[in-house]
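# Examination of the molecular architecture
These are the residues of each chain, in order.
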Amino acid sequence: NAGVTQTPKFQVLKTGQSMTLQCAQDMNHNSMYWYRQDPGMGLRLIYYSASEGTTDKGEVPNGYNVSRLNKREFSLRLESAAPSQTSVYFCASSAQYSPNYGYTFGSGTRLTVV
Amino acid sequence: RKEVEQDPGPFNVPEGATVAFNCTYSNSASQSFFWYRQDCRKEPKLLMSVYSSGNEDGRFTAQLNRASQYISLLIRDSKLSDSATYLCAVNIEGRRALTFGSGTRLQVQP
């Protein structure tokens, strides 16, 4: 059981380049999330998808777009990367939106924008 | 002011010690609470949920104090392997995703 799989694990981009971070879960979870983690800032929500076919902005959505391709996959796209987007990106999923359910996280993508 | 605040630490404790962390939240509409553990350069992993009545799992005890708006995590008989960053997470009413604190770093020393 792979859980939540993120690719790539590491990436270096030049300012202005674009890329898509991939996330897939095999736990039949309904809800999926993208967070970024920066030193001293904790995890901040970028976008989430409560269920297949829906996406919503989180706390820091500017500069990002998402696609919930199907129940398993939720991708995050940077259209024109900026140095401020240097961060560690985590995808997570949960069985459903409920106070009693925790998240399962992927192993993260370490992105550097130069 | 951050909605979920934690002392960043580090808390340096000897093996076998008891250590406690607090996490304060500002939104009184917060509904449920979690502790996550994050090892260096790894993803967060759910440690335990925090129920109104408290929650105990082996050496770990989590408590909720709604009146003062904080949750706590107590670790007894600390092990070297407990060294990690502990994140609290809060489900704020009306939001559809968890809000995380910045984490408290624990270093257990031999």
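These figures come from a predicted structure and were not determined experimentally.

Here we take up the overall build of chain A. Secondary structure summary: chain A contains zero helices and 11 strands in total. Each helix (α) and strand (β) of chain A, taken in turn from the N terminus, gives the series β-β-β-β-β-β-β-β-β-β-β. Its C-alpha radius of gyration of 13 Å places chain A within 12% of the 13 Å reference for a compact globule of 114 residues. Taking the principal axes of the C-alpha coordinates as reference, chain A spans close to 40 × 25 × 25 Å. Counting every position in chain A, which comprises 114 residues, the buried fraction comes to 48%. Pairs at least 24 residues apart make up 55% of the contacts formed inside chain A by residues separated by at least 6 positions.

Hydrogen bonds between backbone atoms are what pair the strands of a sheet, whose relative direction is either parallel or antiparallel. Residue and element names in this part refer to chain B. One open sheet holds the five strands; their spatial order is S1-S3-S8-S7-S6, and the pairing between them is antiparallel. Looking along the sheet, the strands with just one partner apiece sit at the ends: strand S1 (4–6) and strand S6 (55–57). This sheet shows a mean twist of 15° between the axes of neighbouring strands, independent of strand direction.

As a further point, take the sheet that holds strand S8 (residues 74–78) of chain A. Residues and elements named next belong to chain A. Overall, antiparallel pairing links the four strands, which are arranged S1-S3-S8-S7 in an open sheet. Looking at the sheet topology across the chains shown, the edges are occupied by strand S1 (4–7) and strand S7 (64–68). Neighbouring strand axes in the sheet, compared pairwise and without regard to direction, differ in orientation by 15° on average. Alignment of S1 against strand S3 (residues 19–25), held across four bridges, turns out to be antiparallel. Counterpart to Val4 in the pairing with S3 is Gln25.

So, about the interface of chain B and chain A. On the chain A side, the residues contacting the 21 residues of chain B number 22 residues. Across the chain B/chain A interface, buried area totals approximately 1700 Å², and carbon plus sulfur atoms make up 55% of it. Run the count over chain B and chain A and you get six residue pairs in polar contact (both at pLDDT 80 or more). Those elements that place two or more of their residues in the side of chain B that touches chain A are strand S4 (30–38), strand S5 (44–50) and strand S9 (84–92) of chain B. If you tally residues by element for the side of chain B that touches chain A, the top one is S4 of chain B, at five residues. When the residues that make up the side of chain B that touches chain A are grouped by side-chain class, the tally is nine nonpolar, six polar and six charged.

Now for the side chain of Ser83 of chain B. When you line up the elements, Ser83 of chain B lands in the loop between strand S8 (70–75) and S9. Within polar-contact distance, the side chain of Ser83 of chain B engages the backbone nitrogen of Val108 of chain B at 2.9 Å.

Residue and element names in this part refer to chain B. The full count for this structure, using the stated rule, is two disulfides over all chains. Here Cys23 pairs with Cys88 through a disulfide, and the sulfurs are 1.9 Å apart. For the disulfide bridge between Cys23 and Cys88, the dihedral angle about the S-S bond is near 60°, and by the sign convention the bridge is right-handed. Highlighted residues: Cys23 in strand S3 (residues 19–25) and Cys88 in strand S9, separated in sequence by 65 residues. Assigned by exposure class, Cys23 and Cys88 land together as buried. Unpaired in terms of disulfides, Cys40 finds its nearest cysteine sulfur in Cys88, a separation of 20 Å.

Definitions and limits used
- Residues numbered from 1 in each chain as written.
- Chains lettered and ligands numbered in written order.
- Predicted model: local features only at pLDDT ≥ 70, side-chain atom pairs only at ≥ 80, totals over all residues.
- Heavy atoms only, no water.
- Helix = DSSP H or I, 4+ residues; strand = E, 2+ residues; numbered from the N terminus.
- Rg over C-alpha atoms; globule rule 2.2 N^0.38 Å.
- Buried < 20%, exposed > 50% of the residue type's maximum accessible area, 1.4 Å probe, protein only.
- Contact = heavy atoms within 4.5 Å.
- Pairing = 2+ DSSP bridges.
- Axes fitted to C-alpha atoms, helices over the stretch in contact; angles between N-to-C directions.
- Buried area = accessible area lost by both parts, 1.4 Å probe.
- Polar contact = N/O pair within 3.5 Å; in protein donor to acceptor, adjacent residues only side chain to side chain.
- Nonpolar A, V, L, I, M, F, W, Y, C, P; charged D, E, K, R; others polar.
- Disulfide = S-S within 2.5 Å.

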